[in-house]
Amino acid sequence: MSQTSDAFGKADPIDIDSAVSVRGVSKNYGEVEALRDLSLEFPRGQLTSLLGPSGCGKTTLLKIIAGLIPATAGEIEIDGRKVTGPGPDRAFVFQDFALLPWANVLRNVSFGLELRGVGKSEREAVAEKYIGNVGLSGFEKAYPHELSGGMRQRVGLARALSVDAQVLLLDEPFSAVDEQNRRKFQEDLLALVRNENKTFIFVTHSIEEAVYISDQIAILLPRPSRVSEIIRPTSFRGTKADNIRRSPEYLDIVDQIWASLRNYVE
Ligand SMILES: Nc1ncnc2c1ncn2[C@@H]1O[C@H](COP(=O)(O)OP(=O)(O)O)[C@@H](O)[C@H]1O
Ligand SMILES: [Mg+2]
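Residues numbered from 1 in each chain as written. Chains lettered and ligands numbered in written order. Predicted model: local features only at pLDDT ≥ 70, side-chain atom pairs only at ≥ 80, totals over all residues. Heavy atoms only, no water.

Trainee: Help me understand the site of ligand 1, please; the structure alone is not making it clear to me.
Mentor: All residues adjacent to ligand 1 are Tyr 29, Val 32, Ala 34, Pro 53, Ser 54, Gly 55, Cys 56, Gly 57, Lys 58, Thr 59 and Thr 60. Between ligand 1 and Gly 57 there is a distance of 3.0 Å, counted from an oxygen atom to a backbone nitrogen or oxygen. Contact distances for ligand 1 include 2.5 Å between an oxygen atom and a side-chain N or O atom of Thr 60. When ligand 1 is considered free in solution it has 560 Å² of accessible area, and contact with the protein chains removes 58% of it. Within the residue set of the shell around ligand 1, elements represented by two or more residues are strand 2 (32-43) and helix 2 (58-66). The element that contributes the greatest number of residues to the shell around ligand 1 is helix 2, accounting for three residues. The class makeup of the residues in the shell around ligand 1 is five nonpolar, five polar and one charged. (Near = heavy atom within 4 Å. Polar contact = N/O pair within 3.5 Å; in protein donor to acceptor, adjacent residues only side chain to side chain. Areas by Shrake-Rupley, 256 points an atom, 1.4 Å probe, with all protein chains shown as cover. Helix = DSSP H or I, 4+ residues; strand = E, 2+ residues; numbered from the N terminus. Nonpolar A, V, L, I, M, F, W, Y, C, P; charged D, E, K, R; others polar.)

Put into structure tokens, the structure is as follows:
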């Protein structure tokens with residue numbers, strides 16, 4: 001295979017372990033057809049982005065995978081089991097993540113484990129680890145109102161990682177975060193995906209962000225939403241985080257996706 005088709009990696013069947021399978025999912029809200037016959041595989045140990053214009057059903061698909069709303073047709077399987085509702089195998093990091101305002105960072109991150117009856121020293125040890133991994137060491141005693149939007153998102157991610165959910169659902173987690181924090185958080189997320197053998201499903205409407213952090217990008221087109229293309233930016237995945245944005249393949253893929261999406265900009 002040539003360098004270019006490797007980089008664009010289109011439509012090769014996935015031969016790796018797929019943790020989440022979306023099969024023929026449709027969703028109607030009354031008259032509104034939000035998703036039509038959508039099928040996608042989400043490999044374990046990788047980050048897949050859902051990229052598309054607003055209103056194309058990205059949040060709807062995440063909610064169906066989370067089991068928060070039912071599909072009108074089709075099914076979701078997690079490790080071969082059909083999704084019938086929410087479960088501890090999946091953790092949703094919401095767009096406007098709600099933390100407990102009366103609890104400090106350590107308590108917020110360990111709260112999911114507290115609910116499961118895990119003892120204090122054990123849950124705090126786990127929480128400390130993930131507070132470190134998301135770059136918040138030193139902020140254990142801080143309260144949500146003392147943190148920036150970006151830091152609050154990190155607390156939400158650390159909480160999702162602490163409960164050891166196998167599937168992490170991130171709905172535009174960087175949307176309320178300033179550019180510098182966004183870049184730092186993207187780098188940390190890349191490292192997390194490498195180090196945790198979990199399935200990350202990441203919603204974004206930023207082409208650059210998707211290409212920077214994704215192993216696989218599903219491009220969704222609107223009305224009704226369907227997968228128009230799957231792109232696997234493989235050729236620069238091994239390079240240092242700092243060098244990705246300068247690699248020719250990165251720039252080529254960004255251009256290619258923009259060419260696909262430009263007709264759908266309102
Ligand atoms: N609860 C709802 N009731 C009715 N229509 C909805 C509801 N949620 C989403 N929609 C519609 O479904 C479509 C997809 O929405 P959404 O999944 O939020 O898209 P995205 O996250 O890509 O912006 C949009 O047309 C939206 O207006
Ligand atoms: Mg949305």
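Back to the text.
Trainee: Looking at this model, I keep getting lost on the sheet that holds strand 7 (residues 167-171). Mind explaining?
Mentor: Think of a sheet as strands paired side by side through backbone hydrogen bonds, with each pair either parallel or antiparallel. In space, the six strands of this open sheet follow the order 6-7-8-3-9-10, with mixed pairing throughout. The open sheet has two edge strands, strand 6 (90-93) and strand 10 (226-231), and neither has a second partner. Put simply, the sheet's adjacent strands are angled 20° from each other on average, direction ignored. Summarising the sheet, strand 9 (residues 216-221) and strand 10 pair through five bridges and their orientation is antiparallel. Each residue of the ladder has a partner; that of Leu 221, found in strand 10, is Arg 226. Contacts from helix 5 (residues 149-162) reach strand 6, strand 7 and strand 8 (199-204), with the element oriented near 175° to strand 6. (Pairing = 2+ DSSP bridges. Axes fitted to C-alpha atoms, helices over the stretch in contact; angles between N-to-C directions. Contact = heavy atoms within 4.5 Å.)

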